[in-house]
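So the chains spell out like this:
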Amino acid sequence: MKPNIAAAKAALSHIEMDESPVTIRNKSRDFFWYSPVLKAEMDHLEADFVVNPKSEAEVIEVLKVCYAHDVPVTMRGGGTGNYGQAMPLAGGCVMHITGMNRIKEIGQGYVIAEPGIIIKELDAELKEKSGQELRMFPSTYSQASLGGFVAGGSGGVGSANWGALRDLGNINRLRIVTMEAEPRVLEFTGEELHRVSHAYGTNGIITELEMPLAPAYDWVEMFVRFDTFRAATEFAGTLTKEPGILIKLASVYGAPIAHKYFQRVKAHVTEDDHLCGLMVAPQSMDGFLTLLARFDEGEVIYRSDDVVWDRHPGPIYEYGWNHTTLRALKFEKDLTYLQVRYGGDVDKVMAASEAFADKLYMHLEVMREGGGISFAGLPIVQPMSKAELDQLVADHEAMGCMIFNPHRYTLEEGGRQSADQRQLDFKREADPKGLLNPGKMITWDEPDFDYSDMYSYKGILPKP
Ligand code: FAD
């Protein structure tokens, strides 16, 4: 059915709407442009209109009206996703949720909040009122929403201790609204959480979250310098494994990343230096320094509780995760990146580092995983064509590395290249017309897709 945009807009005229074409364009975009492939595919995309609901009742109304008029709905929180997750492939309505930003309850070990709250603001309130903080947050802390993190993110600062967002216990409860003639409100816990977490809003809209908390600390943020990439990687891995030392971040920046792209760090390193970026709880500093002393090399060149640098480098987490790529892109706009899982084996990381030395600079984030650790890579990749990028992905896979391809806009290609049956089953139930963020779940549109080439959604708005 053809969407009746005019009728939907008229029926929703009492809900706050953005009218300015510039705002509509801006709210139709995210950080898709990190990928030259997605930039070419998605730059022209634009919603027909943008609504800004302030309550669950308004969300329900938007969904009901859009369902009646066959209008696609794509959710937007902070709009910081990388895979074009929040971009409306088929136009229609973008629902911007940051006006729905109340904290409903803070308890011992948990918080209940609305999805549009900005994570940094939530954390500030948590610290002030209860001495607690979120277990993990994306490095886009100051812009990203809580709902956007759960619907589009995977982990981040805190994963060095708590693992990935989808690991059991890292989300307590989600409240969801469906896209039907009469939208239903459902509460998910346990196995049901996987239906909608990291589903890009393709099968339900999150209107409330209960998230677990940890005690808040004045984390000591540090840069530690190493002569070799192997030494930096081994140290970061060992530190993350050490059960008694509480950390929140363990990043590794292979040379010459720090010297080339970290403006305020440059004066303190050479182009051959490899750095770890770390957040360690203050009470764990003695254990941390003892561990560091056991390594032959490793020199703390910056610590936030004793700043001797002329220029403050800012928060260390804004050097890690995908901020590393962002810093590099500020210097060389044609660079790009990959998302790689090497597992917990340092030798595999080293093999990849050597095999692709002429194509990328290594950047790792160490995470806890399944009782051990895993090295997640976000290497900075030299400018290359789509065909070369595809080859680089294939070469990593041939080495046994898992790629979460950031040059694709679908859940499956950005994930494990296979259907998530729980998400698909729930979409059948909750979005029978397929109007939620259309084109992002391949198995909904083309169950037999074979992944031999990039998926191309047939309903995508034509390029002008
Ligand atoms: P958006 O981009 O607005 O939305 C993300 C997805 O969620 C979209 O598909 C959207 O449709 C959907 N969505 C939003 N709200 C809802 C809702 N209420 N109900 C249902 N669906 C919804 N990601 C990480 O996981 N870890 C990182 O450390 C990290 N670092 C980053 C650093 C940089 C510099 C950049 C550009 C990106 C980074 N990301 C990271 C990706 C992104 O910032 C995070 O995933 C972030 O949490 C997304 O939040 P957001 O509010 O901006 O979501």
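For the structure itself, look to the data block above.
In short, a report on the structure. Not measured: the values here are computed from a predicted model.

## What about the sheet that holds strand 19 (residues 372–377)?
Link 1 in the chain: Sheet architecture is open: eight strands sit in the order 14-11-13-12-18-19-16-21, paired in antiparallel fashion. Only two strands of the sheet have a single neighbouring strand rather than two, namely strand 14 (299–303) and strand 21 (402–403).
Link 2 in the chain: Examined bridge by bridge, strand 16 (residues 340–343) and strand 19 share three bridges and lie antiparallel to one another. Along strand 19, the bridge assignment pairs G343 with F375.
Link 3 in the chain: Relative to strand 11 (residues 220–226), helix 11 (residues 285–294) is tilted by about 5°, and along the sheet it contacts strand 11, strand 13 (274–280) and strand 14.

## Here's the deal with the site of the ligand
Link 1 in the chain: Around the ligand there are 36 residues in total, and M75, G77, T80, S145 and G155 lie nearest to it.
Link 2 in the chain: The backbone of Q85 places a nitrogen or oxygen atom 3.0 Å from an oxygen atom of the ligand.
Link 3 in the chain: Counting only elements with at least two residues in the shell around the ligand, the list comes to strand 3 (73–76), helix 6 (146–152), strand 10 (205–215) and helix 12 (322–331).
Link 4 in the chain: Per element, the largest residue contribution to the shell around the ligand is four residues, and it comes from helix 6.
Link 5 in the chain: Considered class by class, the residues forming the shell around the ligand number 14 nonpolar, 21 polar and one charged.

## Quick look at the sheet that holds strand 1 (residues 17–18)
Link 1 in the chain: Read across the open sheet, the four strands follow the order 1-2-4-3; overall the sheet is mixed. Each edge of the sheet is formed by a strand with only one pairing partner; in this case those strands are strand 1 and strand 3.
Link 2 in the chain: Pairing analysis gives four bridges linking strand 3 to strand 4 (residues 93–96), with the strands arranged parallel. In the sheet register, R76 faces strand 4, and the bridge partner there is H96.
Link 3 in the chain: Against the sheet, helix 4 (residues 56–68) contacts strand 2 (49–51), strand 3 and strand 4, and its axis sits at roughly 175° relative to strand 4.

Definitions and limits used
- Residues numbered from 1 in each chain as written.
- Predicted model: local features only at pLDDT ≥ 70, side-chain atom pairs only at ≥ 80, totals over all residues.
- Heavy atoms only, no water.
- Pairing = 2+ DSSP bridges.
- Helix = DSSP H or I, 4+ residues; strand = E, 2+ residues; numbered from the N terminus.
- Contact = heavy atoms within 4.5 Å.
- Axes fitted to C-alpha atoms, helices over the stretch in contact; angles between N-to-C directions.
- Near = heavy atom within 4 Å.
- Polar contact = N/O pair within 3.5 Å; in protein donor to acceptor, adjacent residues only side chain to side chain.
- Nonpolar A, V, L, I, M, F, W, Y, C, P; charged D, E, K, R; others polar.

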